[in-house]
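# Observations on the model geometry
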Amino acid sequence: MTQSSTSALHTSTLTSLPLLARGKVRDNYAVGTDRILMVASDRLSAFDVIMGEPIPGKGELLTKMALFWFDKLGHICPNHLTGDDPESVVSPAEAAQIRGRSMLVQRLQPIPVEAVVRGYLAGSGWKEYQASQSVCGVPLPAGLTNAAKLPEPIYTPAAKAAAGEHDENISFERTVEMIGPELAAKIRDLSIAIYKAAAEIALTKGMIIADTKFEFGLAPDGTLVLMDEVLTPDSSRYWPVEGYAEALAKGENPPSYDKQFVRDWLEQAQVNGKPWDKTPPSPRLPQAVIEKTAAKYREALERLTG
Ligand SMILES: Nc1ncnc2c1ncn2[C@@H]1O[C@H](COP(=O)(O)OP(=O)(O)OP(=O)(O)O)[C@@H](O)[C@H]1O
Ligand SMILES: [Mg+2]
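Every chain begins its residue count from 1, and numbering advances along the sequence as written. The lettering of chains begins at A and the numbering of ligands begins at 1, in the order of writing. It should be noted that, the model being predicted, local features are given only for residues of pLDDT at least 70 and side-chain atom pairs only at 80 or more, the latter also being counted only at that level, while totals for whole chains, interfaces and linings use all residues. Heavy atoms from the whole structure form the basis of all side-chain values; hydrogens and water molecules are not counted.

## Here we look at the packing of aromatic side chains
Within 6.5 Å between ring centres, the rings of Phe, Tyr and Trp (the latter by its six-membered ring) count as paired, and their orientation is classed by plane angle as stacked under 30 degrees, edge-to-face over 60, tilted in between. For the structure on display, the rule yields 7 aromatic pairs. An angle of 65 degrees between the planes, with centres 6.3 Å apart, marks the rings of Phe47 and Trp276 as edge-to-face. In this pair, Phe47 sits in the loop between β4 (45-46) and β5 (49-50) while Trp276 sits in the loop between β18 (274-275) and α8 (287-305), placing the two residues 229 residues apart along the sequence. Ring geometry for Tyr155 against Phe172: centres 6.4 Å apart, planes inclined by 70 degrees, an arrangement best described as edge-to-face. You can see Tyr155 sitting in strand β11 (residues 149-155) and its partner Phe172 sitting in helix α4 (residues 172-179), a full 17 residues away along the chain. Under the scheme applied here, a residue whose accessible area is under 20% of the maximum for its type counts as buried, over 50% as exposed, and between as partly exposed, the area being computed with a 1.4 Å probe on protein chains only. According to the relative accessible area criterion, Tyr155 is buried, its value standing at 8%. Look at Phe172 and you get partly exposed, because its relative accessible area is 21%. The helix and strand labels rest on DSSP assignments: H or I over at least four residues marks a helix, E over at least two residues marks a strand, and numbering proceeds from the N terminus.

## Re the side chain of Ser45
Its place among the elements puts Ser45 in strand β4. Exposure remark for Ser45: the relative accessible area of 6% places this residue in the buried category. Other than its neighbours up to four places away in sequence, Ser45 contacts Lys24, Ile50 and Lys259. Contacts between residues were defined by any pair of non-hydrogen atoms, one from each residue, lying within 4.5 Å.

## Here's the deal with the pairing of strand β14 (residues 207-218)
The buried count for β14 comes to 12 of 12 residues, which makes it a mostly enclosed element. Following DSSP output, two strands are said to pair if at least two bridges run between them. One ladder, built from 4 bridges, connects strand β8 (residues 113-120) with β14; its direction is antiparallel. Paired with Val117 across the two strands is Thr212, which belongs to β14. Of the pairings in the sheet, the one linking β14 to strand β16 (residues 236-240) comprises 5 bridges and is antiparallel in character. Opposite Ile209, over in β16, you have Tyr238 as the bridge partner. As judged from the 4 bridges shared by β14 and strand β15 (residues 224-227), these two strands associate in the antiparallel manner. Considered in β15, the bridge of Gly217 is made with Val225. The hairpin formed by β14 and β15 contains 5 residues between the paired strands, and Gly222 there has a positive phi angle of roughly 90 degrees.

## Some thoughts on the side chain of Ser282
Mapped onto the elements, Ser282 comes out in the loop between β18 and α8. Ser282 sits in the buried class, given a relative accessible area of 17%.

## Considering the packing of helix α1 (residues 58-73) against α8
For helices, the axis comes from a line fit to the C-alpha atoms of the stretch in contact; other axes are also lines fit to C-alpha atoms, and the angle between any two N-to-C directions lies between 0 and 180 degrees. Running from N to C, α1 and α8 point in directions that differ by 25 degrees, and their axes come no closer than 10 Å. One element, α1, and the other, α8, form an angle in the roughly parallel class. Relative to α8, α1 is oriented so that their crossing is left-handed. Of the residues in α8, those in contact with Lys58, Leu61, Leu62, Lys64, Met65, Phe68 and Trp69 of α1 are Ala294, Tyr297, Arg298, Ala300, Leu301, Leu304 and Thr305. Within the contact of α1 with α8, the residues separate by chemical class into 10 nonpolar, 1 polar and 3 charged. Any angle from 65 to 115 degrees is called roughly perpendicular, while one under 35 is roughly parallel, one over 145 is roughly antiparallel, and all others are oblique. Two helices cross in a left-handed way if the nearer one is turned anticlockwise from the farther one by less than a right angle. They cross in a right-handed way if the turn is clockwise. Lys, Arg, Asp and Glu make up the charged group, whereas Ala, Val, Leu, Ile, Met, Phe, Trp, Tyr, Cys and Pro make up the nonpolar group; the residues left over, Gly among them, are polar.

## Let's talk about the site of ligand 1
The environment of ligand 1 is made up of 17 residues, and the closest members are Lys24, Val25, Arg26, Asn28 and Glu215. Nitrogen and oxygen atoms within 3.5 Å of one another constitute a polar contact, given that in protein one can donate a hydrogen and the other can accept it, and given that sequence-neighbouring residues count only through two side-chain atoms. One of the backbone nitrogen or oxygen atoms of Val25 is found 2.7 Å away from an oxygen atom of ligand 1. Separating a nitrogen atom of ligand 1 from a backbone N or O atom of Asp228 is a distance of 3.1 Å. Each accessible area is a Shrake-Rupley estimate made with a 1.4 Å probe; only the visible protein chains count as cover when residues are assessed. Relative to its free-state accessible area of 610 Å², ligand 1 is covered by the protein chains to the extent of 85%. Of all the secondary structure elements, the ones that give two or more residues to the shell around ligand 1 are β2 (26-31), β3 (35-40) and β6 (102-106). Of the residues belonging to the shell around ligand 1, the class tally is 8 nonpolar, 4 polar and 5 charged. Per-domain counts for the shell around ligand 1 show at least three residues from each of domain 1 (19-107) and domain 2 (110-250). Whether a residue is near a molecule or strand is decided by its heavy atoms; if any one of them lies within 4 Å of it, the residue is near. A domain assignment, automatic or from a database, supplies the domain bounds used here.

## Regarding the sheet that holds β3
Here 4 strands make up an open sheet; going across it, the order is β1-β2-β3-β6 and the pairing antiparallel. Two strands close off the open sheet at either side, each with one partner strand: β1 (19-22) and β6. Taken over all neighbouring pairs, the strand axes of this sheet differ in orientation by 20 degrees on average, direction set aside. Where β2 lies against β3, 6 bridges are found, and the strand directions are antiparallel. Residue pairing in the sheet places Asn28 in a bridge with Met38 of β3. This element, α1, spans β2, β3 and β6 of the sheet and lies at about 45 degrees to β6.

## So, the nonpolar core
Most often, soluble globular proteins have nonpolar side chains that are buried together. In these notes, a set of buried Ala, Val, Leu, Ile, Met, Phe, Trp, Tyr and Cys residues joined through side-chain atoms within 4.5 Å is what counts as a nonpolar core. Core analysis: the biggest nonpolar cluster contains 63 residues, and Trp69, Phe214, Phe216, Leu231, Tyr238 and Leu285 have the highest contact counts within it. Split by domain, the residues of this core number at least three in each of domain 1 (19-107) and domain 2 (110-250). Setting aside residues no more than four positions away along its own chain, Leu285 makes contact with Leu44, Met51, Glu53, Ile55, Val262, Trp265, Leu266 and Ile290. Counting 12 residues, the second-largest nonpolar core is a separate cluster that includes Leu37, Val89, Val90 and Leu104.

Written as structure tokens, this is what we have:
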């Protein structure tokens, strides 16, 4: 199948570079020994299952958003961008396939901690708070409601799961055991600082970043570097400010730019006449769901950068 930058790309098929790994969304290719070409496909994963149908434009929108944030946050923490042109490392015939959806990055040693920061009570955090008045072991004040802003952003790390598995919430102490006290504290402090800076910028665009997840890696000289995607709707929960106050007052989930729309559809979808059990194969996404999802991603980027 031929691909151009205008058609949806479910799976990249570069032959000019060796494939390192396919993640749920990105295909990573080795560029020599020290760089990676990360190609953001249009794949959508929900409940950690990859959907069969691509979302047109998604990979490009995610890439644009990550680049926007790397640019804004460079003063807080170094990032993995090399500044080199992704199209310079593939054959001319394959340039169209990766155009606009790729980052040429420094190859890092990934740290197996997902650095989650939450500024608001949402999703699984809200469920946990109701049961224990804490989130991932972090105690919180009484009386918070669904979608409430936390007094201070909290760091609730997770262990990066193997392919097909779900990430597992872990305590800060566990990250200390895994990677040592200095690195664990540095990742926590940087993550909170990056979240705060980003949340402030997003608010000026009428967007709340309820929570987000960062990934870090180590450069050969030991420098801690922000990697992967940053602050995309796939890694973060964005709420438009205008729906927030009303949702908060009603105790409802604010409308969001993340995958909630498609998740809601999947919750009622059937496979072979039975409710989908959230294992592959996934239900076939109807065209209307694909389009609505694509529109959400577009809207998020336009708001942020427009
Ligand atoms: N600079 C980097 N150096 C090395 N690995 C990186 C770098 N940036 C991102 N990665 C890794 O590339 C992958 C990105 O692909 P993607 O986000 O699709 O994967 P995922 O589904 O989230 O995770 P998994 O690899 O577990 O399937 C992640 O595994 C991420 O940790
Ligand atoms: Mg990822």
